[in-house]
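# Structural overview for review
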Amino acid sequence: MVRDVTLGQFLPGNSLMHRLDPRVKFVLVLSVIVFIFVAGNFVGLAVVAALVFAAMATSGVSIGRYFKSLKVILFVVLFTSILNLFYGGGEVLWEWGFLRITTGGIRNSIFIAVRIVVLIFASSVLTFTTSPTQLTDALERLMKPLKLIRVPVHEVAMMMTIALRFIPTLLEETDKIMNAQKARGADMESGGILQRVRSLVPVLVPLFVSSFRRAYDLAMAMECRCYNGGKGRTKMKVLHIAPVDIVVSCVTAAACAGVVLLRIFVTHPYL
């Protein structure tokens with residue numbers, strides 16, 4: 001299960017999504033995530049989903065890699081969907097005590113499940129096609145106006161990118177520790193929930209120790225290279241907005257406008 005976590009992984013390539021300006025890509029993905037929740041019907045959600053699937057198709061990353069990222073949150077999707085089955089109006093299909101499943105509840109359940117899946121796919125497109133260095137540059141450029149109120153923009157962008165970059169490293173470390181504990185006879189797969197939680201204690205302690213050690217080593221490496229923040233630093237690669245960035249932005253803006261119009265004019269309860 002730990003190996004299935006793909007958050008923070010970057011897959012090098014030369015696809016359309018890889019070539020987009022990281023600032024444009026970050027803003028567009030953020031806009032898509034917002035409009036996933038703006039969509040109030042299946043038609044509007046289908047427009048956003050089509051846009052996300054188009055980005056996935058042009059990212060050069062296999063579709064299996066995207067679906068692999070869903071395995072970790074599959075329980076969350078199912079649990080949320082089951083809860084929403086009991087909320088909503090419409091015709092009653094099943095009833096037992098205070099529990100009641102209606103046609104509106106089924107609609108809500110499917111709608112929420114699709115919304116979560118599209119949200120994970122949109123986030124994965126950004127992390128799969130954008131390197132940590134590009135993310136740092138994009139965040140720093142986008143937050144540049146905050147320097148007027150003395151916000152350490154470079155340091156904040158650096159910390160966020162380092163945190164994202166170390167997610168795969170920590171997951172790999174967790175997998176190694178769990179395999180080492182299993183080789184020593186530790187049982188982490190049998191018993192109830194409480195017993196499984198207790199069995200994770202021997203994993204968490206060395207993981208925390210390893211995390212602090214990696215943080216100390218990284219701080220020492222940055223200090224040895226005379227890192228002193230973003231003041232006076234130059235960029236090896238200067239970001240430029242290309243025509244393809246403008247075209248993709250216009251397509252995304254048109255799709256988002258369509259979602260708003262569909263929310264206003266489509267009032268059918270099952271659309």
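Above this text you will find the structure in question.
Quick caveat: nothing in here was measured; it's all calculated off a predicted structure. (Residues numbered from 1 in each chain as written. Predicted model: local features only at pLDDT ≥ 70, side-chain atom pairs only at ≥ 80, totals over all residues. Heavy atoms only, no water.)

## Looking at helix α5 (residues 74-84)
An α-helix turns once every 3.6 residues. As a result, residues three or four positions apart point the same way. Here is the rule: Throughout, exposure labels follow a simple rule: accessible area from a 1.4 Å probe, protein chains only, divided by the maximum for the residue type, with under 20% read as buried, over 50% as exposed, and the rest as partly exposed. Helix and strand definitions here come from DSSP, where helices need a minimum of 4 consecutive H or I residues and strands a minimum of 2 consecutive E residues; each element is numbered from the N-terminal end. This arc corresponds to the set of directions leading from the helix axis out to the C-beta atoms. Any pair of residues with heavy atoms lying within 4.5 Å of one another is described as a contacting pair.
Among all positions of α5, only Val-77, Ser-81 and Asn-84 are buried. Around the axis of α5, the buried residues are gathered within 65 degrees of arc, so they sit on the same side. For α5, the elements touching its buried residues are α6 (103-129).

## What to know about the side chain of His-154
Which entries qualify depends on this criterion: Counting of polar contacts relies on pairs of N or O atoms within 3.5 Å, with two restrictions inside protein: one atom must be capable of donating a hydrogen and the other of accepting it, and residues adjacent in sequence are counted only when both atoms are side-chain atoms.
Residue position: His-154 is located in helix α8 (residues 153-183). Within the local environment of His-154, its side chain forms a polar contact with the side chain of Glu-140, the two groups lying 3.1 Å apart.

## Things to note about the packing of aromatic side chains
We count it as follows: Pairing of aromatic rings covers Phe, Tyr and Trp, the last counted by its six-membered ring, and requires centre-to-centre distances within 6.5 Å; plane angles under 30 degrees mean stacked, over 60 mean edge-to-face, and any other angle means tilted.
Taken as a whole, this structure holds six aromatic pairs when the rule is applied. Ring centres of Phe-75 and Phe-79 lie 6.0 Å apart, and the angle between their planes is 20 degrees; this geometry places the pair in the stacked category. Residue Phe-75 and its partner Phe-79 are both found in helix α5; the two are separated by four residues, about one turn of the helix. Note on Phe-75: relative accessible area 62%, which makes it exposed. Given the relative accessible area of 47%, Phe-79 is considered partly exposed. The rings of Phe-53, Tyr-66, Phe-67, Phe-121 and Phe-128 are connected pair by pair, giving a single aromatic cluster.

## As for empty space enclosed by the protein
Counted only if it meets this: Within this scheme a cavity is a closed region of a 1 Å grid, computed over the protein atoms alone, that accommodates a 1.4 Å probe without allowing it to escape, whereas a pocket is open but has protein on both sides within 12 Å along at least five of seven lines; lining residues each have an atom within 4 Å of a point. Grid points are joined across faces, edges and corners, and a volume is the space filled by probe spheres set on the points. Note on residue classes: Ala, Val, Leu, Ile, Met, Phe, Trp, Tyr, Cys and Pro are nonpolar, Asp, Glu, Lys and Arg are charged, and everything else, Gly too, is polar.
Under the defined criterion, the tally for this structure stands at two cavities of 30 Å³ or more. Of the voids in this model, the second largest cavity is the one considered here, and its volume is about 30 Å³. What lines the second largest cavity is simply Val-32, Phe-35, Val-48, Leu-51, Ala-255, Cys-256 and Val-259. For the lining of the second largest cavity, the secondary structure elements donating two or more residues are α2 (22-38), α3 (42-57) and α11 (243-265). For the lining of the second largest cavity, the leading source of residues is α11, giving three residues. Classifying every residue of the lining of the second largest cavity by side-chain character gives seven nonpolar, no polar and no charged.

## Digging into the layout of surface pockets
Here the largest pocket defines a volume of roughly 950 Å³. What lines the largest pocket is a set of 35 residues, among which Thr-133, Thr-136, Asp-137, Met-158 and Lys-235 lie closest to the centre. Only α7 (132-142), α8 and α10 (201-224) provide two or more residues apiece to the lining of the largest pocket. At seven residues, the largest contribution of residues to the lining of the largest pocket is made by α7. Here the residues of the lining of the largest pocket sort into 13 nonpolar, nine polar and 13 charged.

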